[in-house]
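# Remarks on the overall topology
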Amino acid sequence: MITQRRSCIALAALTVLGLARAQAAPRTIEITAQRFRFAPRVIALKLGEPVLLKLTALDFPHGFYLPDFERRIDLVPGRAVEFAFTPTRAGTLHFLCDNFCGEGHEGMDGRFEIQ
Ligand SMILES: [Cu+2]
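Calculation notes
Residues numbered from 1 in each chain as written. Predicted model: local features only at pLDDT ≥ 70, side-chain atom pairs only at ≥ 80, totals over all residues. Helix = DSSP H or I, 4+ residues; strand = E, 2+ residues; numbered from the N terminus. Pairing = 2+ DSSP bridges. Core = buried A, V, L, I, M, F, W, Y, C linked by C-beta atoms within 7 Å. Buried ≥ 20, exposed ≤ 12 C-beta atoms within 10 Å, placed from the backbone. Contact = placed C-beta atoms within 7 Å. Axes fitted to C-alpha atoms, helices over the stretch in contact; angles between N-to-C directions. pLDDT = per-residue confidence, 0-100.

## Looking at the overall build of the chain
Counting its secondary structure elements, the chain contains one helix and nine strands. The linear arrangement of helices and strands in the chain, starting from the amino end, is α-β-β-β-β-β-β-β-β-β.

Put into structure tokens, the structure is as follows:
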């Protein structure tokens with residue numbers, strides 16, 4: 001009986017530890033920016049799951065702008081820049097380049113599909 005109770009307590013502790021570890025580690029997603037596209041362009045995310053974007057410009061100083069979050073970041077060629085956020089509502093979250101990079105700049109965008 002006591003052994004069984006200890007096993008349950010140990011199992012509960014491991015479960016809590018596992019959940020804490022799962023919440024602590026964000027999902028890492030690598031995105032590249034190159035005239036005139038982001039790759040990947042469409043990214044599926046889970047509601048409430050923290051993500052860490054690693055963004056790299058390949059050819060030009062692009063910008064990464066998330067209008068719904070009112071956040072942006074400069075992308076410097078050859079240097080990965082990290083951008084962390086947690087989607088708090090389901091739906092589509094658009095992102096775009098906000099640093100003019102040439103004739104195709106207006107179409108340089110992408111989206112997160114959050115479920
Ligand atoms: Cu651009």
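## Focus on the pairing of strand 5 (residues 62–66)
Note: strand 5 against strand 6 (residues 71–75), five bridges, orientation antiparallel. Considered in strand 6, the bridge of F64 is made with I73.

## Focus: the nonpolar core
If you look at the biggest cluster of nonpolar residues, it comprises eleven residues: I31, A33, F38, L53, L55, A57, F64, L75, F95, C97 and M108. Residue assignment for this core shows that the elements contributing at least two residues are strand 1 (27–34) and strand 4 (51–57). If you tally residues by element for this core, the top one is strand 4, at three residues. Residues within four places of M108 in sequence aside, it is in contact with F36, R37, F38, L96, C97 and C101.

## Some remarks on the sheet that holds strand 7 (residues 81–85)
One key point about sheets: their strands pair by backbone hydrogen bonds, in either a parallel or an antiparallel sense. Read from one edge to the other, the open sheet built from four strands follows the order 2-1-4-7, with strand pairing classed as mixed. Every interior strand has two partners, whereas the edge strands, strand 2 (37–39) and strand 7, have only one. When the angles between neighbouring strand axes are averaged without regard to direction, this sheet yields 25 degrees. Sheet topology note: the strand 1/strand 2 ladder contains three bridges and is antiparallel. Residue pairing across strands places T32 opposite A39, the latter belonging to strand 2.

## Quick notes on the confidence of the model for the chain
Close inspection of predicted coordinates is inappropriate in any region flagged by low pLDDT. Looking at the chain, the pLDDT average stands at 87 and 79% of residues meet or exceed 70. Of the regions scoring below 50 in pLDDT, residues 8–17 engages in zero contacts with residues more than four places distant in sequence or in other chains.

## Brief notes about the environment of N99
Position of N99 relative to the elements: it lies in the loop between strand 8 (91–96) and strand 9 (109–114). Exposure remark for N99: the 17 C-beta atoms within 10 Å place this residue in the partly exposed category. C-alpha separation for the pair N99 and Y65, spaced 34 residues apart in sequence, amounts to 9.3 Å. Filtering out sequence-adjacent residues up to four positions away, N99 remains in contact with P61, H62 and G63.

## Focus on unusual backbone geometry
What you tend to see is this: most non-glycine residues have negative phi, and most peptide bonds are trans. The omega torsion of the bond from R35 to F36 falls at -5 degrees, within 30 degrees of zero and hence cis. Along the chain, the position of F36 falls in the loop between strand 1 and strand 2. That bond from A39 to P40 is cis: its omega, -5 degrees, falls within 30 degrees of zero. By the element assignment, P40 lies in the loop between strand 2 and strand 3 (42–45). Residue E70 is not a glycine yet carries a positive backbone phi of 50 degrees.

## Let's talk about the pairing of strand 4
Where strand 1 and strand 4 come together, seven bridges link them in parallel fashion. Each bridged residue has a counterpart across the sheet, and for R27 the counterpart in strand 4 is V51. As defined by bridge partners, strand 4 adjoins strand 7 across five bridges and the pair is classed as antiparallel. Bridged to K54 within strand 7 is E82.

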